[in-house]
Amino acid sequence: MDSKEKQRQLYRRTLIIVVISQIFGGAGLTAGITVGALLAQNMLGAESFTGVPTALFTLGSAGSAFLVGRISQRFGRRPGLAAGFLTGGIGAIGVVISALMNNILLLFASLLIYGSGTATNLQARYAGTDLADSKQRATAVSIALVSTTFGAVAGPNLVEVMGDFATKIGVPALAGPFILAAAAFILAGLVHLIFLRPDPLIVAKAIAEEQKINEAALSNTNTQTLAINKQGVLAGASIMLITQIIMVAIMTMTPVHMRSHGHHLSAVGLVIGFHIGAMFLPSLITGILVDKIGRAKMAIASSITLLAAGVMAAIAPADSMFVLIIALSLLGLGWNFGLISGTALIVDSTNLHNRAKTQGTVDVLIALSGASGGALSGLVAAHTSYAVLSLSGGILSLLLIPVIIWSRSIQKVD
């Protein structure tokens, strides 16, 4: 608490631990994204319900985000993140067992639990910001997200390999990626449980409490410390909610759309791999841009990029891998811009006495929006087309612009 140098060392050490865990976590979260819809289609035999797996694990991630946020606020980042990842690993194991038994109810229950890992993977981005100053926050978030890329890109490209491995041990091929997810989430949880000490959030809260006591005699810091900028939280949350709905809806139906037009599983993995790479790999540059040119400008960039992604996905020829890769890459990039700018706004608008709890609550809403996008995507695509779904998502992204205009009219966002 009394050494700035030790605080800097802990900040750097925390980022390293988060990076390592995010590599594992990234590999775990891609299983549901890549083959979840296909597994449900295979077991249910109906395209209308292919969005259900995404809806379920994002719904499960909503409850987990709430719990991880509350545990982190009370006990620190280490127990919250470790518990979330380990629970996600158990859910992935349940998916594999459900595929073996061809039990759809067990599949749905397991996907809910699996969602804990996806929620925790996103919550981990906040751990790096606990000891960061206002000019480091977006960069700290981006470092966590860019490290997710290594596992997240590897995951879809191992779909066929894991499918072959699963077949050899008597497990359905589509459940293979969930074997990888189980191992990855459990390893991520163990990394936090063993190495994330001293806990950065507990240290940061102790430092803030000491500063409050020292300054209370000179100003009204005691009441100001507990304040929360509700307009900033609402703006940041709205940005992330809109981008999440659009990204999940289009992403969920892309594997089904490709398979229905004769693309092999390896091709699906390649397209989703590019998409996930675009979601996370640009993060370091995005974080710097968010810190340098402002949260609002990058949120508007998110809107424009998502619009381009929706239009391109809508007009892409069904047999064109190249155009689909570009469309899904733009979709990931637009999500990346929205997530980092929105996250930075949330951190700016909260303090250490309410930050983890608020972050958890916002991530609950993000997960619920993803669940809505996943559930509706199958119905929209089945009753209209993939093109209509994609174009609708692109148009929806324009809502980000009035959100930014409103937030800037109330407060100075940047």
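As the structure is a computational prediction, the values presented were derived from the model and not from experiment.

Participant: What is the right way to look at the overall build of the chain in this model?
Facilitator: Secondary structure summary: the chain contains 17 helices and 0 strands in total. Principal axes of the C-alpha set define a box for the chain whose edges measure 70 × 45 × 30 Å. Here the chain holds 414 residues, and 57% of them are scored as buried. For the chain, the share of sequence-separated contacts (at least 6 apart) that also reach a separation of at least 24 residues comes to 86%. Of the roughly 15,800 Å² of accessible surface on the chain, 69% is carried by carbon and sulfur atoms. Charge separation in the chain, taken as the distance between the mean sites of 25 positive and 16 negative side-chain charges, equals 5 Å.

Participant: What's the story with the packing of aromatic side chains in this structure? I'm lost.
Facilitator: Centre distance and the angle of the planes are the two values used to describe a pair of aromatic rings. Counted according to the given criterion, the structure contains 4 aromatic pairs. Ring geometry for Tyr114 and Phe178: centres 5.3 Å apart, planes at 70 degrees, overall edge-to-face. Of the two residues, Tyr114 is situated in helix H4 (residues 104–123) and Phe178 in helix H7 (residues 176–195); the sequence distance between them amounts to 64 residues. A relative accessible area of 0% means that Tyr114 is categorised as buried. On the basis of relative accessible area, Phe178 is assigned to the buried category, the value being 0%. A centroid spacing of 5.6 Å and a plane angle of 45 degrees characterise the contact between Tyr114 and Phe185, whose relative ring orientation is tilted. Of this pair, Tyr114 sits in helix H4 while Phe185 sits in helix H7; the two residues are 71 residues apart in sequence, bridging distant segments of the chain. Look at Phe185 and you get buried, because its relative accessible area is 0%. One aromatic cluster is present, built from ring pairs that chain together Phe85, Tyr114, Phe178 and Phe185.

Participant: What is the right way to read the pattern of salt bridges from this model?
Facilitator: One side chain can pair with another of opposite charge once the charged atoms of both are near each other. As enumerated under the stated definition, the model contains 5 salt bridges in all. Residues Asp130 and Arg77 are paired through a salt bridge, measuring 2.8 Å at the closest nitrogen-oxygen approach. Linking Asp130 in the loop between H4 and helix H5 (137–157) with Arg77 in helix H3 (residues 77–101), this pair joins segments that are 53 residues apart in sequence. Look at Arg77 and you get buried, because its relative accessible area is 2%. Asp348 is the salt-bridge partner of Arg295, the closest N and O atoms lying 2.8 Å from each other. One end of the pair, Arg295, is in helix H13 (residues 295–315); the other, Asp348, is in helix H14 (residues 321–348), and 53 residues separate them in sequence. On the basis of relative accessibility, which here comes to 6%, the residue Arg295 falls in the buried class.

What counts and how
Residues numbered from 1 in each chain as written. Predicted model: local features only at pLDDT ≥ 70, side-chain atom pairs only at ≥ 80, totals over all residues. Heavy atoms only, no water. Helix = DSSP H or I, 4+ residues; strand = E, 2+ residues; numbered from the N terminus. Buried < 20%, exposed > 50% of the residue type's maximum accessible area, 1.4 Å probe, protein only. Contact = heavy atoms within 4.5 Å. Areas by Shrake-Rupley, 256 points an atom, 1.4 Å probe, with all protein chains shown as cover. Lys, Arg positive; Asp, Glu negative; His and termini not counted. Charge placed at Lys NZ, Arg CZ, Asp CG, Glu CD. Phe/Tyr/Trp six-rings, centres within 6.5 Å; stacked < 30°, edge-to-face > 60°. Salt bridge = Lys/Arg side-chain N within 4 Å of Asp/Glu carboxyl O.

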